[in-house]
Amino acid sequence: DAGVIQSPRHEVTEMGQEVTLRCKPISGHNSLFWYRQTMMRGLELLIYFNNNVPIDDSGMPEDRFSAKMPNASFSTLKIQPSEPRDSAVYFCASSGQPNQPQHFGDGTRLSIL
Amino acid sequence: AQRVTQPEKLLSVFKGAPVELKCNYSYSGSPELFWYVQYSRQRLQLLLRHISRESIKGFTADLNKGETSFHLKKPFAQEEDSAMYYCALRSYSNYQLIWGAGTKLIIKP
């Protein structure tokens, strides 16, 4: 298995633009997690899905952030409009069941100018 | 409140010296604890989990319920151990991982 696949690996865009981050979990995994990592705040859970259903989105910073999981093999995290303070590395992780270890993707390094 | 504390943001030791990365937790119940490692510009990887009681890359961690700690140890540090290390606790109520702030480990030659 190729593991969790995230795209793009790097994204540089101007503030105000819409940003879409993509994640393909490991095949057969039922739980998917979106994290944001910054120097200041470390690793923060934004939202997680179980069986494609959002379970907890309390970590989503504000309404500019939205996440979807239309099927078991694909999820998106969207920021609209983007702001410079959104610059961070965004990780996606999946697990077979919520109580199993999480496997992380390579992350998307997002820079908002 | 459920919390994971890694008191050291940065730990620097010489190659061959022992390493101990501290992790303390606050949790009402029986926790499940993990150590994840992130090498420079790479993905987070599971290093070990307390229920496995295994040694990975020479690292071990023992859950001490009395001291509510799960410190990561290695007797002889190697340069390739330089990385960010995160301690995490899994909540049985909602299975979310509660993360520590991470410790950057630098192994000096």
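What counts, and at which threshold
- Residue positions are given per chain, counted from 1 along the sequence in the order it is written.
- For this description, chains carry letters from A and ligands carry numbers from 1, given in the order in which they are written.
- With pLDDT at 70 or above as the cut-off, local features in this predicted model cover only qualifying residues; side-chain atom pairs require 80 or more to be listed or tallied, and sums for whole chains, interfaces and linings still use all residues.
- Neither water nor hydrogens contribute to the side-chain values; these are computed over all heavy atoms in the structure.
- Think of it this way: DSSP has to see at least two bridges between two strands before they count as a pair.
- Secondary structure follows DSSP: runs of H or I at least 4 residues long count as helices, runs of E at least 2 residues long count as strands, and numbering of each begins at the N terminus.
- Lines are fitted to the C-alpha atoms to define the axes, a helix being fitted only along its stretch in contact, and any angle between axes, read from their N-to-C directions, falls within 0 to 180 degrees.
- Put simply, a nonpolar core is a bunch of buried Ala, Val, Leu, Ile, Met, Phe, Trp, Tyr and Cys residues held in one set by side-chain atoms that sit within 4.5 Å of each other.
- Remark: exposure states derive from per-residue accessible area (1.4 Å probe, protein chains only) relative to the maximum for the residue type, with buried under 20%, exposed over 50%, and partly exposed in between.
- Note on contacts: a residue pair is in contact if any heavy atoms of the two residues lie within 4.5 Å.

Draft legend 1. The arrangement of the sheet that holds strand 7 (residues 60-61) of chain B in detail. The strand order 3-8-7 (chain B) describes an open sheet built from three strands, whose pairing is antiparallel. For this open sheet the edge positions go to strand 3 (19-21) and strand 7 of chain B, each flanked by a neighbour on one side alone.

Draft legend 2. Representation of the sheet that holds strand 1 (residues 5-7) of chain A. Residues and elements named next belong to chain A. Pairing within the open sheet is antiparallel, and its four strands lie in the order 1-3-8-7. Strands with a single pairing partner mark the edges of an open sheet, and in this sheet they are strand 1 and strand 7 (65-71). Across this sheet, the average inter-strand angle for adjacent strands is 15°, counted without regard to direction. Where strand 1 and strand 3 (residues 19-24) come together, three bridges link them in antiparallel fashion. Looking at strand 3, one finds that S7 is bridged to R22.

Draft legend 3. The arrangement of the nonpolar core in detail. Residues and elements named next belong to chain B. Counting residues in hydrophobic clusters, the biggest one holds 26 residues, and the most contacted among them are W35, L72 and Y85. Elements with a minimum of two residues in this core: strand 2 (10-14), strand 3, strand 5 (32-38), strand 6 (44-49), strand 9 (83-90) and strand 11 (103-108). If you tally residues by element for this core, the top one is strand 9, at four residues. Residues within four places of Y85 in sequence aside, it is in contact with Q6, L21, W35, Y36, V37, L47, F59, L72, G102, T103 and L105.

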